[in-house]
Amino acid sequence: MENNTEELVLKETPKYSKGEVLESMSKIAIDMIMESNYKFYFYVLNTLKKHVTLGVPTAGVSLVNGSSDDIIDFCVNFYVNPNFYMDLDENKKLGLFVHEMLHIVNRHIISNKDYSDHQLFNIAADMCINQYIKKDDLPEGGIFIDDYIAKGMPLYKHESTNYYYNMLKELEDKHERGGSGGTLSGVDTQDAYDHHKKYRNEELHIHKSHDGWKITDKYGNEIIEAHRKALEEMLGATIDEIVKDAKNMGIVPAGLEALLDELYKPAPDFAWKRMLRLFANNSKKTYLKTTMKRRSKRYGTIPGIKIKRKQHLMVAIDTSGSVPDAELSKFFAEIYHIYRAGASITIVECDAAISKVWEYKGRAPKTITGRGGTSFDEPIELAKKLRPDGLIYFTDGECYPPQGDPNCRTMWVVTSSGESIEKMKEDGFKGIMAKMSE
Ligand SMILES: [Zn+2]
């Protein structure tokens, strides 16, 4: 996307200052809070980095690794072309925001790669999400399910993007490739097909605004598979949290909740992830903190007690060399989730001895190269000193158990190709043990 910046800038000059655009964008954000059905999208919008740029023809979202060096820095960008955006009516600006946020919560940025026909996916994606936006708030010429239905296409409302993709595929198969039409056989779909053909045009805004749906580094270049996977999982975890919070607040718009529930069903074979989250959650301590601000209602003058939940976890990484990068990424995607849930996390890198201790701030190391030799003893000793609420040790498990006791809850996350849990227990490892799935 950013590769095209120069070319487009030559053709177009900004008619509005960045300040004007940003001011208008904040105004729209406030409108989102005020509108009960759009409140949810305000929380999504808040997690994005906003860019005002002529590098995109209209507006769009993309998932990027915001770092240029050896680390993963999760970042979702929201791009707005100032000339396109500022010329929209106020309610259409609002609709545009909601439209883009819906693409994010429906994971269109990452799921489009699973569909062979990207252009058809663009249409299916817009057909799915535009049902949750008031028609007046959307630009004319958008994809509306009601138009298809009016032309004779039998479609259910409030279904998944996948469903609309398959139905449109059937429509095209029937009219272009002489297919039976599946569920469309015996239905007169000629008008619907003629209507549908209009959206196949490459010049349409809908296709341009979806151009950013690929995962890249911050320069728009491709990234390695392990990073892509980690970023995808981080996006999933982030949206998961937002949806959970929004549900608790009761602000998920009617109809959308069922769609999201379907989308965010937990994967069946990730027992280790569930165990890890449970472990982190159970390590929470409740701290009682006295405060002068909140006075006890009962005694009036005595300082009130504020209950503060916080949690410090130590995460030790066995860097002895037999831990695959892909699993390290998966592991850190989970650590990111725990971090976002409010834990403070100290990372300890160790092979035969500790090489590095650092505070985790949401960024994962890209790769960890070991120098061989394994011992768990130093991190265990350090845990005794730092007194974390829990110690999570990421390792292949191929070493003697530690000599000492960390004096805190301990969990061993073992790589899929590492030692078996049974053998580790036999060898005398103590604590919770979970093996990663392939
Ligand atoms: Zn769209």
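What you see is a predicted model, and the numbers here were worked out from it, not measured in a lab. (Residues numbered from 1 in each chain as written. Predicted model: local features only at pLDDT ≥ 70, side-chain atom pairs only at ≥ 80, totals over all residues.)

Trainee: Is there a simple way to explain the overall build of the protein chain in this structure?
Mentor: Counting secondary structure elements, the protein chain contains 17 helices and 14 strands. Out of the 438 residues belonging to the protein chain, those deemed buried represent 35%. The long-range fraction of contacts in the protein chain, counting pairs at least 24 apart against all pairs at least 6 apart in sequence, stands at 67%. (Helix = DSSP H or I, 4+ residues; strand = E, 2+ residues; numbered from the N terminus. Buried ≥ 20, exposed ≤ 12 C-beta atoms within 10 Å, placed from the backbone. Contact = placed C-beta atoms within 7 Å.)

Trainee: Explain helix H7 (residues 118-129) here, please?
Mentor: The periodicity of an α-helix, 3.6 residues per turn, causes residues three or four places apart in sequence to face the same way. The end-to-end C-alpha separation of H7 is 16 Å, in line with the 16 Å expected for twelve residues at 1.5 Å each. Most of H7 is tucked away, with ten of its twelve residues classed as buried. Within H7, burial applies to Leu120, Phe121, Asn122, Ile123, Ala124, Ala125, Asp126, Met127, Cys128 and Ile129. On its buried face, H7 sits against helix H5 (90-105), helix H6 (108-111), helix H8 (145-150), helix H9 (161-176) and helix H11 (205-209). (Expected span 1.5 Å × (residues − 1).)

Trainee: What is the right way to look at the sheet that holds strand E2 (residues 59-65) in this model?
Mentor: Pairing is mixed across the open sheet formed by four strands, whose spatial order is E1-E4-E2-E5. Looking at the sheet topology across the chains shown, the edges are occupied by strand E1 (49-52) and strand E5 (215-217). Recorded for the sheet is a direction-independent mean angle of 40° between the axes of neighbouring strands. For E1 and strand E4 (residues 74-80), the ladder comprises four bridges, and the chain directions are parallel. The residue of E4 that forms the bridge with Lys50 is Phe78. Set on the sheet, H5 makes contact with E2 and E4; between it and E2 the angle comes to about 35°. (Pairing = 2+ DSSP bridges. Axes fitted to C-alpha atoms, helices over the stretch in contact; angles between N-to-C directions.)

Trainee: Help me understand the nonpolar core, please; the structure alone is not making it clear to me.
Mentor: Considering soluble globular proteins, one finds that nonpolar side chains tend to be buried as a cluster. Counting 105 residues, the largest nonpolar core has Tyr41, Phe97, Met101, Ala124, Val315, Ala316 and Val413 as the members making the most contacts within it. Counting only domains with at least three residues in this core, you end up with domain 1 (5-143 + 199-263) and domain 2 (271-284 + 310-435). (Core = buried A, V, L, I, M, F, W, Y, C linked by C-beta atoms within 7 Å. Domains from an automatic or database assignment.)

Trainee: When you look at unusual backbone geometry in this model, what are you seeing that I'm missing?
Mentor: Note: most residues except glycine have negative phi, and most peptide bonds are trans. Of note, the phi angle at Arg107 is positive, near 60°, even though the residue is not glycine. Following the sequence through the fold, Arg107 ends up in the loop between H5 and H6.

Trainee: Looking at this model, I keep getting lost on the sheet that holds strand E12 (residues 390-395). Mind explaining?
Mentor: Sheets are built from strands paired through backbone hydrogen bonds, the pairs being either parallel or antiparallel. A sheet is described by the order of its strands in space; here six strands give the open sequence E10-E9-E8-E12-E13-E14, paired in mixed fashion. Lying at the two open borders of the sheet, with one neighbouring strand each, are strand E10 (354-360) and strand E14 (432-435). Each neighbouring strand pair of the sheet contributes to a mean axis angle of 20°, computed without reference to strand direction. Here seven bridges tie strand E8 (residues 312-318) to strand E9 (residues 344-350), and the two strands are oriented parallel to one another. The residue bridging Asp318 from the neighbouring strand is Cys350, located in E9. Contacts from helix H16 (residues 377-386) reach E8, E9, E10 and E12, with the element oriented near 150° to E9.

Trainee: Mind showing me how you'd approach the environment of Gly321 here?
Mentor: Tracing the chain through its elements places Gly321 in the loop between E8 and helix H15 (325-340). Counting along the chain gives 74 residues from Gly321 to Thr395, while the straight-line C-alpha distance between them is 9.8 Å.

Trainee: Help me out: how do you make sense of the packing of H7 against H9 in this one?
Mentor: The relative placement of two packed helices is expressed as an angle between their axes plus a distance between the axes. At their nearest, the axes of H7 and H9 sit 8 Å apart, and the two run at 130° to each other. Put simply, H7 runs oblique to H9. Between H7 and H9 lies a crossing whose hand is right-handed. Residues Leu120, Phe121, Ile123, Ala124, Ala125, Met127 and Cys128 of H7 lie in contact with H9, whose contacting residues are Thr161, Tyr164, Tyr165, Leu168 and Lys169. A breakdown of the residues in the contact of H7 with H9 according to their chemical character gives ten nonpolar, one polar and one charged. (Parallel < 35°, antiparallel > 145°, perpendicular 65-115°, else oblique. Left-handed = near helix turned anticlockwise from the far one by under 90°. Nonpolar A, V, L, I, M, F, W, Y, C, P; charged D, E, K, R; others polar.)

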